[in-house]
Amino acid sequence: MKSKIENVEKNVVKLIIEEDAERFNESLIKAYQKTRGRFTIPGFRKGKAPMNLIEKYYGENVFYEEALNIIFPEAYEAAVKEHGIVPVDTPELDIEQIGKGKNLIFTAKVTVKPDVNLGQYKGFALEKEQVNITDEDVQKELERIRERNSRLVAVEDRPVQDKDIVNIDFEGFIGGEPFEGGSAKGYTLVVGSNTFIPGFEEQLIGAALNQELEVNVTFPEDYHNENLKGKPAVFKVRINEIKYRELPNLDDEFAQDVSEFDTLEEYKADIKKKLEEKAQQEAERKYENEIIKKAVENAEVDIPEVMVERQIGNIIKRLEMALAYQGINMQSYMEIMGLDENKLHEEYRERAYEEVKTELVLEKIAQAEKVEASEEEIEKEIEEMAERYSQKPEEFKKHLQNDDIEYIKDTIIRRKTIELMKQ
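Residues numbered from 1 in each chain as written. Predicted model: local features only at pLDDT ≥ 70, side-chain atom pairs only at ≥ 80, totals over all residues. Heavy atoms only, no water.

Turning next to the overall build of the protein. Secondary structure assignment for the protein yields 13 helices and nine strands. The globule rule puts the C-alpha radius of gyration for 423 residues at 22 Å, and the 33 Å found for the protein is more than 25% above it. Considered along the principal axes of its C-alpha atoms, the protein spans approximately 95 × 60 × 45 Å. Taking all 423 residues of the protein together, the buried fraction comes to 35%. Across the protein, every contact between residues at least 6 apart in sequence was considered, and the portion connecting residues at least 24 apart equals 66%. Distance between charge centroids for the protein: 6 Å, based on 62 positive and 92 negative side chains. (Helix = DSSP H or I, 4+ residues; strand = E, 2+ residues; numbered from the N terminus. Rg over C-alpha atoms; globule rule 2.2 N^0.38 Å. Buried < 20%, exposed > 50% of the residue type's maximum accessible area, 1.4 Å probe, protein only. Contact = heavy atoms within 4.5 Å. Lys, Arg positive; Asp, Glu negative; His and termini not counted. Charge placed at Lys NZ, Arg CZ, Asp CG, Glu CD.)

This is the structure in structure tokens:
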């Protein structure tokens, strides 16, 4: 096989690949052996007709397409490797010469990963956020834990109060007409959580169990649904259930119930320690992100549109999975947010561009600094992953594919690259 490369335009190249006639003839025979059962020739059982008769009956080029399918992947991969390019899209194939006894010549036009011109990427004079966990922070965390360990108590002898948990049916009207997405039955709402339209929850306060009432609100001017922005609405509401949270006392018994500590003071000390560790990790993450952001801003790269489009697809796929986990389908989400497919696509274009650029810049820095993942580092990473999944490393490794190993290697290289950038 021979190949050469031509630049077509920015980040687009054309590979001209030539396979000799003997190699093409071999692929024709393989194509015949693979597909002969598809052809019917008078006087022969299916799959038993000789190659030359099938060609005479259906035309000399009858096996060309399959022969090309056989020969192309290996030839294309060899040409890509020879010229050291990294394709980021499916190649556009064009046949220049094909025929029995002739060299096969074809071209593959493809978009390739762009080169990156790095600017400054380390030695930034950035301050890491200082961590200071106060007694107030500890108390807030205690209150959250206390609330998680509370119990719900049904109320029948008083009206709705702030912080109550109510179960309601509601139907919304604009100009006397019900509107899409404005009704629900058996909806649970924490009064004062500000999850509904401003003014809605406050009007529930004072309502009695099983009472039906009207709630008047106006949708905010910045509301996500274009059709509802700034419009006055009336909601017919029924109070099905009223509950409140009964909180446990904050004492040593509480500490013993929710932790391994005997006293509340010991438990508070542990909470403070864990909050400090978490805050340190968050400060480190922000610091790293600032460094990466600076390095990306200083770099120059012409990103092919196909890479941005692919990343938009990845982002939307991640969003779809996150929504499904919450029991929401994508179509409902788009209706709620007032988006169609094109708007959703454009919503994530800038983010996709930044994500692609960041990955390209980090990859280029790793190359420039010759950052690699050693076998020992890969083994250690696998051991840690196995421990997280409560498996023995040997068993865990049996389930790893080549792509998984590459992902582990890339993760190590990225981590080491970021550490280098912090110098």
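Before going further, it helps to examine the packing of aromatic side chains. The final tally for this structure, using the stated rule, is 19 aromatic pairs. With a centroid separation of 5.8 Å and an interplanar angle of 85°, the aromatic rings of Tyr 32 and Phe 63 are classed as edge-to-face. You can see Tyr 32 sitting in helix 1 (residues 21-35) and its partner Phe 63 sitting in the loop between helix 2 (51-58) and helix 3 (64-83), a full 31 residues away along the chain. Across the pair, Phe 63 and Tyr 32 agree in class, each one buried. Measuring from ring centre to ring centre gives 5.4 Å for Phe 200 and Phe 235, while their planes differ by 85°; the resulting arrangement is edge-to-face. Taken as a pair, Phe 200 in the loop between strand 7 (177-190) and strand 8 (212-218) and Phe 235 in strand 9 (residues 232-246) lie far apart in primary sequence, 35 residues in all. A residue is classified by how much of its surface remains accessible, and Phe 235, at 3% relative accessible area, is buried. Through pairs of rings, three or more aromatic residues link up here, namely Phe 170, Phe 179, Tyr 187, Phe 196, Phe 200, Phe 219, Tyr 223 and Phe 235. In this structure, Lys 236 packs its charged tip against the face of Phe 173, placed 5.2 Å from the ring centre. (Phe/Tyr/Trp six-rings, centres within 6.5 Å; stacked < 30°, edge-to-face > 60°. Lys NZ or Arg CZ within 6 Å of the ring centre and 35° of its normal.)

Right, let's talk about helix 11 (residues 375-388) for a bit. Taking 1.5 Å per residue, 14 residues should reach 20 Å; helix 11 reaches 20 Å between its end C-alpha atoms and fits that length. For helix 11, every residue scored as buried is listed here: Ile 378, Glu 381, Ile 382, Met 385 and Ala 386. The arc enclosing the buried residues of helix 11, seen along the axis, measures out at 135°, which places them on a common side. Turned more than 90 degrees from where helix 11 packs its buried face, Glu 376, Lys 380 and Glu 387 sit exposed. Elements that come into contact with the buried residues of helix 11 comprise helix 12 (393-398) and helix 13 (402-421). Two residues or fewer past helix 11, Ser 390 is found with a positive phi of approximately 55°. (Expected span 1.5 Å × (residues − 1). Arc of directions from axis to C-beta.)

Of all hydrophobic cores here, the largest spans 46 residues; its most connected members are Met 330, Tyr 333, Leu 344 and Met 421. When contributions to this core are tallied by element, the ones reaching two or more residues are helix 6 (264-298), helix 7 (305-325), helix 8 (330-337), helix 10 (349-368), helix 11 and helix 13. Excluding its chain neighbours within four sequence positions, the residues that come into contact with Leu 344 are Ile 316, Leu 319, Met 330, Tyr 333, Met 334 and Leu 339. One finds Leu 28, Ala 31, Phe 72 and Val 80 within the second-largest nonpolar core, a separate group that totals 28 residues. (Core = buried A, V, L, I, M, F, W, Y, C linked by side-chain atoms within 4.5 Å.)

Pairing between the strands of a sheet is mediated by backbone hydrogen bonds and can be parallel or antiparallel. Spatially, 1-2-4-3 is the arrangement adopted by the four strands of the open sheet, whose pairing is antiparallel. Where the open sheet ends on each side, the last strands, each with one partner, are strand 1 (2-9) and strand 3 (92-97). Each adjacent strand pair in this sheet contributes to an overall mean axis angle of 20°, direction not counted. Sheet topology note: the strand 1/strand 2 (residues 12-19) ladder contains seven bridges and is antiparallel. Paired with Glu 6 across the strands is Lys 14, a residue of strand 2. (Pairing = 2+ DSSP bridges. Axes fitted to C-alpha atoms, helices over the stretch in contact; angles between N-to-C directions.)

Glycine aside, the phi torsion of most residues is negative, and most peptide linkages are trans. Phi angles above zero are rare outside glycine, and Asn 194 is one such case at about 60°. Of note, Asn 194 is situated in the loop between strand 7 and strand 8. Judged by its relative accessible area of 60%, Asn 194 falls in the exposed class. Of note, Ser 390 is a non-glycine position whose phi angle comes to about 55°, a positive value. Following the sequence through the fold, Ser 390 ends up in the loop between helix 11 and helix 12.

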